[in-house]
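# Examining the three-dimensional arrangement
Single-letter residue listing:
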Amino acid sequence: MSWLIDFFGNAANWSGPYGIPVRLLEHLEFSGVAFLIAALIAVPLGMLTGHTGRGALIVVVSANAARALPTLGLLVLVVLLAGVGTAAPVLIPLIVLAVPPILVNTHEGIRGVDPDLRDAAYGMGLRGRQVLFRALVPVALPLILLGLRLAAIQVVSTATIAAFVGLGGLGRFIIDGIATKTYADVIGGAVLVAALALAVQLGFTLLQRVTVSPGVRNLR
């Protein structure tokens, strides 16, 4: 507890280019960009495979294989190939980490909608995209949001790897604290990352309550 008081009670940690606000913004930038790119890739692909059934096995197997990739090892590989000085070494591993849960949950959410509902939508004269976006997506939304939530929490928690390649973010407190044996910074940085992950969890919980209809929530 005294280390937390030392870290958060230190005025120097709240100002300047290396203070908590700046590091937090850097962390959010890495996390937000990686999460957005992953969502733009995985959500449409998951909808397509779930709706049409085409390529479903390949997509799901590939997504599960991507989960087995060690994030830190991938970071080192990208650094060796692309070098340092850009955000690519951080963004690529984070995107690879975020795609599988979004893709698999979106695919399973769309595919798992009751076939009778799909048939009823076609029977009402809806076609193609109309069936997908007006009938299937609203019912699958809780599972899609679950995938997005899992990916966001993983990305926020893992974005600390940016510090390994000399970039910013909350990981700098942890890495620099270990290097200098300033354990108050290590614990403080870890608490900040955990608090940010909890904030993401809360944000998605509120988002689900706003976007998912009560009838669908009761079905789940």
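Residues numbered from 1 in each chain as written. Predicted model: local features only at pLDDT ≥ 70, side-chain atom pairs only at ≥ 80, totals over all residues. Heavy atoms only, no water.

### Observations concerning the overall build of the protein chain
Assigned secondary structure in the protein chain consists of ten helices and zero strands. When its helices and strands are written in sequence order, the protein chain yields α-α-α-α-α-α-α-α-α-α. C-alpha extents for the protein chain along the principal axes are approximately 65 × 40 × 25 Å. Across the protein chain, contacts joining residues at least 24 apart in sequence account for 75% of those joining residues at least 6 apart. Here the protein chain contributes 14 positive and 9 negative side-chain charges, whose respective centroids are spaced 9 Å apart. (Helix = DSSP H or I, 4+ residues; strand = E, 2+ residues; numbered from the N terminus. Contact = heavy atoms within 4.5 Å. Lys, Arg positive; Asp, Glu negative; His and termini not counted. Charge placed at Lys NZ, Arg CZ, Asp CG, Glu CD.)

### Structural notes on the UniProt feature "transmembrane region" (unreviewed entry) in the protein chain
UniProt feature "transmembrane region" (unreviewed entry): in the numbering of this structure it lies at residues 30–50, 71–99, 131–148, 155–175 and 187–207. Secondary structure within residues 30–50 divides into 100% helix and 0% strand; the distance between the first and last C-alpha atoms comes to 29 Å. Across residues 131–148, the secondary structure splits into 100% helix and 0% strand, with the terminal C-alpha atoms separated by 22 Å. (UniProt positions renumbered as here; feature names shortened; annotations may be inferred.)

### A word on helix H8 (residues 171–180)
Of the residues making up H8, those classed as buried are Gly-171, Arg-172, Phe-173, Ile-174 and Gly-177. On the buried face of H8, the contacting elements are helix H1 (2–8), helix H2 (20–52) and helix H9 (183–211). Of the residues flanking the end of H8, it is Lys-181, one or two places downstream, whose phi is positive at about 60 degrees. (Buried < 20%, exposed > 50% of the residue type's maximum accessible area, 1.4 Å probe, protein only.)

### Examining the environment of Gly-112
Relative to the elements of secondary structure, Gly-112 occurs in the loop between helix H5 (88–111) and helix H6 (115–123). In this structure the C-alpha to C-alpha distance between Gly-112 and Gln-154, which are 42 residues apart in sequence, comes to 25 Å.

### Observations concerning H6
Taking the backbone nitrogen of Asp-116 as reference, a side-chain oxygen 2.9 Å away marks Asp-114 as the first, capping residue of H6. Where H6 ends, the next residue or the one after it, Gly-125, has phi of about 100 degrees, a positive value. (Polar contact = N/O pair within 3.5 Å; in protein donor to acceptor, adjacent residues only side chain to side chain.)

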